[in-house]
Structure formats: C-alpha cells, structure tokens
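As a plain string of letters, each chain reads:
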Amino acid sequence: MSAALAVSFAAPLALGVLMTHLLWPGGGGGRFARVVMGAGLGMGMSSCLFFFWRMLPGVSAAWLFAGEWAIVAGLACCAALRRRGAADTATPAARGNGAVLLATAAALALGAATIVVGCLGTPNGEWDTLAIWNQKARFLFRGGEHWTDMFLPGMDRAHRDYPLLVPGAVARAWMASGADTATAPMVLSGFFGLATAGLLCGALRLLRGGTQGLLGTLALLATPAFVAQTAFQYADVPLAFYVLTGVVLFAAYERDAGRSGGILALAGLAFGLGAWTKNEGLLLLCAAAGARAWVTVRGEGLAAWRREAAYFAVGAAPALAAVLALKLRYAGGNELVTQDWGAVLQRAGDFSRWGMIARKLLMNLCLMAATPGVSLAPIGVAPLLAAGLALCGVRAEGTDRRALTAGALTLGATLAGYVGVYVATPHALEWHLDTSL
C-alpha cells in the first residue's frame, strides 16, 4: 500500500474516532470497542462528504480534503477542551484473564491473516464488485462532470439506485492517492471485515466478559461465508458492521448511567450509514427506529420516546440526506417498488413460494459455515449457537432486557422484510434466493 493511500484513510479514521469519543465519552473497558466503532463510522461519513462534494460542480477536491481535516481539527479541539474541563469518571477496565486475552489476540491475528490471503486471492473482487461497486467508484473518480452517467438507462444491470457508501469511499481514496489501483477497495473491504470482528470482540468483552468475547469472535471467524464476502469486496460486510454497531449502541445506551443522547445519535448514524450502504439498509433503519420506539413507549412513555427519537434522527440525518439526494435527484425507480402490484398479490397467494423461501432460509442458516470445498464442517455455527442458548438460557440483567428486545425486534422485522421481498420479487424465485441469501 502506497504512502499516499495510507494517508488518504487517516482523516476518516480520525474523524470517526474523535466524534465517537465526544458523543460517547469515558474510558474503561469500552475503549477498544469505541475506537473500532469510530473508525468504521468515520469511513462512512467520509463517503457521505465525498458524495455531497461530487454534487457541487466545479469545486476542487482540495476543498473536500481541507474540509475533512478542518472537521478533524475542530473535533480534536473539542475533545481537548472536554478533557481539560472534566476528569474522566469512567469505571476502570477490569483486568482480564491473561490466557483468554492471548487466545483472543491470536484468533484476531489468524482472522486478519485469513482475510488478507482471501483479498490477495481475489484482488479485483467478484461479480458484484466488478459490475456494481467498483464500476460506480470509477464513474465517481474518472467521470468528471459526467459522473452522473452511471444513472443512465443503459446502466440498469448495475442497479442505478444502489446506495454509494462503498463506491464513494473507494473513489475518495483513489482521488486522494491519485490513482485507481486495486489496492484501495481491497484495503477498504479488509478493514470492514477486521473491524466487524474487532467490534464484536470488544463489545462482548464490555457487555459479557472476555470469554464471551473470545467465543463470539471465533464463531464469526469460523464462518467461511463471512471471510469470503470480505475477500469478494461485497457491501454486505460493511452493512454487517453498521448493523452490529447500532445493536451494540442500543445495549450501551441502556448500560449508561446518564442515558446519554449522544449514544443514540451514534446509533442513528450507524443505521443511517447502513441505508447508505445497501438498499436493505433502509429497511434496517426503519426496523431499528420502530423497535426502539416500541421499547421506549412501553417502558417510559411518549415523552421519553420523543427525546430519544430526536437524538436518533439527528444521527441518521447526514446519511439519510445522501440517500434521499441519490434516490430523488439521480437514480431511477427500484424494480421491486415499480412493478405491478396485482402480480405481487398473485405471488403472495402461491404457498409453494413461501415453502421454498422457508426451506432456503433454514438451509442457509444451518449450513452457513459448511461451505462445500472450503469447510469440512457438516453444519454451520448457527445451530451450535442455538444449542448453546438452549442449554444456558438467557439470564439478562434488568438494564439489558430492553436492549435485547430492541435488537431482536430490529433483526426480526428485517428478516420479515426480506421474506416479503422474496415473495414479491419479479425475478425467478430460486435464482433470486440462491444469488442473494
């Protein structure tokens, strides 16, 4: 990786880490999770800024990068003033078991090596990367004033309405380093893969202890599909990072003694960036907002929900503004939304479609880590985790029950939405299931 490319990632990383520190202050056991989380949020924010800059004709890229560093400098000054004005009252991190920490570090190192080898084995990614994400990145980088040609009718197979977090982040790195090399998308994809594993590890250590952090990290890295998606440079792994970030922040909010609105703003930002990553991110954003509303109204009433919703909305606003600008100003209609809804109702009445969807979903969950030719495992990790849950049960502290409910409702509503999309799809159902699950 060239020095120019390495420097190009410095501003987004610094921006996200400083912003997370300001909105979720304190040290203690959550410091590692905060840093990893902030790095990923900063990458997403830089993609939004790049897209907004691209919408301004005739403005030099130097202004974009100067603006990024100005934001970083401002956040750094705010962090310094806060540190000078108030002592850190966070509870010190508990000393972890040395063997568990060593095993966790080894697992993350081995996972990093596996992801690096996978990325080097597919330096240009797979089909979706070539046809969608990197092609759109090259329009953004090379297109000049004609970058909007990616939305012309002839580009239907590249899905004109797909969000641009990954292409924007890649094109921004190319713009900063001066060349559209294959290294930038590889580094970005590898970063999100490692950040997802690192965030899972850090969050579980914070919420449940070091042993659970190790087991969770091993479960994720033992799933070949996760490593493969990272190596393929697909947008599913960045989406997974933002979903995990949002769910972790829901838990952190419930654990926070002051119930800081900044944590909910970060959760809104995370789910908003998920919507800027893939179309199903919009479904996740709506599901998360609805789940949080359900939990808060039931537990504390409408007044508490209005306060929480305001913070969540403020956090989601920048990414949601980018999504709306893309959809309303540039992109054509989505094929799932603009189809004949009479035909959709007919498909919904075909019970064989429901049966195929249920069968494929169950097989995917059970065999996710048993990839033919890659793994010798007869089953995936999901059945093992389900068996462990059945044996151990759920013994949640009072502060965690609401977060568990909000997380479960978010993911459950999203899964229901996926099923609805498969029922309504105008494509051949089996093909759509096999190419997207």
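### Observations concerning the overall build of the protein
Logical step 1: A tally of helices and strands in the protein yields 19 helices and zero strands.
Logical step 2: What you see for the protein is a C-alpha radius of gyration of 22 Å, in line with the 22 Å of a compact globule of 437 residues.
Logical step 3: Principal axes of the C-alpha set define a box for the protein whose edges measure 60 × 55 × 50 Å.
Logical step 4: Considering the protein as a whole, with its 437 residues, one finds that 46% of them fall into the buried category.
Logical step 5: Here the contacts in the protein between residues at least 6 apart in sequence split such that 78% fall between residues at least 24 apart.
Logical step 6: When the accessible surface of the protein is split by element, carbon and sulfur atoms take 68% of a total near 20,600 Å².
Logical step 7: In the protein, 31 side chains carry a positive charge and 22 a negative one; their mean positions are 9 Å apart.

### Some remarks on the side chain of Lys278
Logical step 1: Within the secondary structure layout, Lys278 lies in the loop between helix H12 (261-275) and helix H13 (280-300).
Logical step 2: Judged by relative accessible area, Lys278 falls into the buried class, the value being 13%.
Logical step 3: In this structure Lys278 touches Trp133, Pro163, Ala235, Asp236 and Leu239, once residues within four positions along its chain are discounted.

### Focus: helix H10 (residues 224-231)
Logical step 1: Burial in H10 covers these residues: Pro224, Phe226, Val227, Thr230 and Ala231. For H10, the angular spread of the buried residues around the axis is 165°, confining them to a single face.
Logical step 2: Buried residues along H10 sit in contact with helix H5 (98-121), helix H8 (183-208), helix H9 (210-221) and helix H11 (236-255).
Logical step 3: Taken from the residues just after H10, Gln233 is the one with a positive phi, measuring 65°.

### Comments concerning empty space enclosed by the protein
A probe as big as a water molecule, rolled over the atoms, marks out the empty space that is left.
Logical step 1: Under the criterion given, the structure shown has one cavity of 30 Å³ or more.
Logical step 2: Lining the largest cavity are Thr129, Trp133, Asn134, Val166, Val170, Pro185, Leu188, Ser189, Phe192, Gln233, Tyr234 and Pro238.
Logical step 3: Mapped onto the lining of the largest cavity, the elements with two or more residues apiece are helix H6 (127-142), helix H7 (165-177) and H8.
Logical step 4: The greatest single-element share of the lining of the largest cavity, amounting to four residues, is contributed by H8.

### Here we look at the packing of helix H3 (residues 31-54) against helix H14 (residues 302-330)
Logical step 1: At a minimum axis separation of 10 Å, H3 and H14 run at an interaxial angle of 40°. One element, H3, and the other, H14, form an angle in the oblique class. In this structure, H3 meets H14 at a crossing whose hand is left-handed. For the pair H3 and H14, contact is made by Met45, Cys48, Phe51 and Phe52 and by Pro318, Ala319, Ala321, Ala322, Ala325, Leu326 and Tyr330, respectively.

### With respect to the environment of Ala4
Logical step 1: Mapped onto the fold, Ala4 is located in helix H1 (residues 3-8).
Logical step 2: The exposure class assigned to Ala4 is partly exposed, which follows from its relative accessible area of 36%.
Logical step 3: For the pair Ala4 and Asn97, spaced 93 residues apart in the sequence, the C-alpha separation amounts to 40 Å.

### Overview of the nonpolar core
Logical step 1: Leu41, Phe51 and Trp276 are the most contacted members of the largest nonpolar core, which totals 93 residues.
Logical step 2: Considering each element in turn, this core owes the most residues, eleven residues, to H3.
Logical step 3: When residues no more than four places from it in sequence are discounted, the contact partners of Leu41 are Met19, Thr20, Phe241, Tyr242, Thr245, Leu266, Leu269, Ala270 and Leu273.
Logical step 4: Of all hydrophobic cores here, the second largest spans seven residues; its members include Ile357, Val419, Leu429 and Leu433.

### Quick notes on the state of the cysteines
Logical step 1: A complete count under the given rule lists zero disulfides for this structure.
Logical step 2: Cysteine Cys119 shares no disulfide, and the gap to the nearest cysteine sulfur, in Cys201, comes to 20 Å.
Logical step 3: The cysteine Cys286 is free of any disulfide, with Cys48 supplying the nearest cysteine sulfur at 17 Å.

### What about the packing of aromatic side chains?
Logical step 1: By the definition in use, this model includes 18 aromatic pairs.
Logical step 2: Centroid distance Phe51 to Trp276: 5.0 Å. Interplanar angle 55°. Geometry classified as tilted. With Phe51 in helix H3 and Trp276 in the loop between H12 and H13, this pair connects stretches of sequence that are 225 residues apart.
Logical step 3: Among the residues examined, Phe51 registers a relative accessible area of 2% and is labelled buried.
Logical step 4: When the centroid spacing of 5.8 Å and the interplanar angle of 25° are considered together, the rings of Trp133 and Tyr162 count as stacked. Of this pair, Trp133 sits in helix H6 while Tyr162 sits in the loop between H6 and H7, and the two are 29 residues apart along the sequence.
Logical step 5: An aromatic cluster of three or more residues is present, and its members are Phe51, Phe52, Trp147, Phe151, Trp276 and Tyr330.
Logical step 6: In this arrangement the basic side chain of Arg34 is found over the ring face of Trp24, its NZ or CZ atom lying 4.2 Å from the centre.
Logical step 7: Positioned above the aromatic ring of Phe250, the side-chain terminus of Arg292 is 5.6 Å from the ring centre.

### Regarding the pattern of salt bridges
Logical step 1: Inspection of the entire model under this criterion finds 16 salt bridges.
Logical step 2: With its nearest N and O atoms 3.4 Å apart, the salt bridge here joins Asp180 to Arg138. Residue Asp180 is located in the loop between H7 and H8, and its partner Arg138 is located in helix H6; the two are separated by 42 residues in the primary sequence.
Logical step 3: According to the relative accessible area criterion, Asp180 is buried, its value standing at 18%.
Logical step 4: For Arg402, the salt bridge goes to Glu300, with nearest N and O atoms at 2.7 Å. Here Arg402 is found in helix H18 (residues 398-424), whereas its partner Glu300 is found in helix H13, with 102 residues between them in sequence.

### A short note on the confidence of the model for the protein
When pLDDT is low, close inspection of the predicted coordinates is not appropriate.
Logical step 1: Put simply, the protein has an average pLDDT of 87, and 93% of its residues get 70 or more.
Logical step 2: No element of the protein has a lower mean pLDDT than helix H17 (residues 381-392), at 82, and none a higher one than H12, at 96.
Logical step 3: For the stretch residues 87-94, pLDDT sits under 50, and the model shows eleven contacts to residues farther than four places along the chain or on other chains.

Procedures and definitions
- Residues numbered from 1 in each chain as written.
- Predicted model: local features only at pLDDT ≥ 70, side-chain atom pairs only at ≥ 80, totals over all residues.
- Heavy atoms only, no water.
- Helix = DSSP H or I, 4+ residues; strand = E, 2+ residues; numbered from the N terminus.
- Rg over C-alpha atoms; globule rule 2.2 N^0.38 Å.
- Buried < 20%, exposed > 50% of the residue type's maximum accessible area, 1.4 Å probe, protein only.
- Contact = heavy atoms within 4.5 Å.
- Areas by Shrake-Rupley, 256 points an atom, 1.4 Å probe, with all protein chains shown as cover.
- Lys, Arg positive; Asp, Glu negative; His and termini not counted.
- Charge placed at Lys NZ, Arg CZ, Asp CG, Glu CD.
- Arc of directions from axis to C-beta.
- 1 Å grid on protein atoms, 1.4 Å probe; cavity = no way out; pocket = protein on both sides within 12 Å on 5 of 7 lines; lining within 4 Å.
- Points joined across faces, edges and corners; volume = space filled by probe spheres on them.
- Axes fitted to C-alpha atoms, helices over the stretch in contact; angles between N-to-C directions.
- Parallel < 35°, antiparallel > 145°, perpendicular 65-115°, else oblique.
- Left-handed = near helix turned anticlockwise from the far one by under 90°.
- Core = buried A, V, L, I, M, F, W, Y, C linked by side-chain atoms within 4.5 Å.
- Disulfide = S-S within 2.5 Å.
- Phe/Tyr/Trp six-rings, centres within 6.5 Å; stacked < 30°, edge-to-face > 60°.
- Lys NZ or Arg CZ within 6 Å of the ring centre and 35° of its normal.
- Salt bridge = Lys/Arg side-chain N within 4 Å of Asp/Glu carboxyl O.
- pLDDT = per-residue confidence, 0-100.

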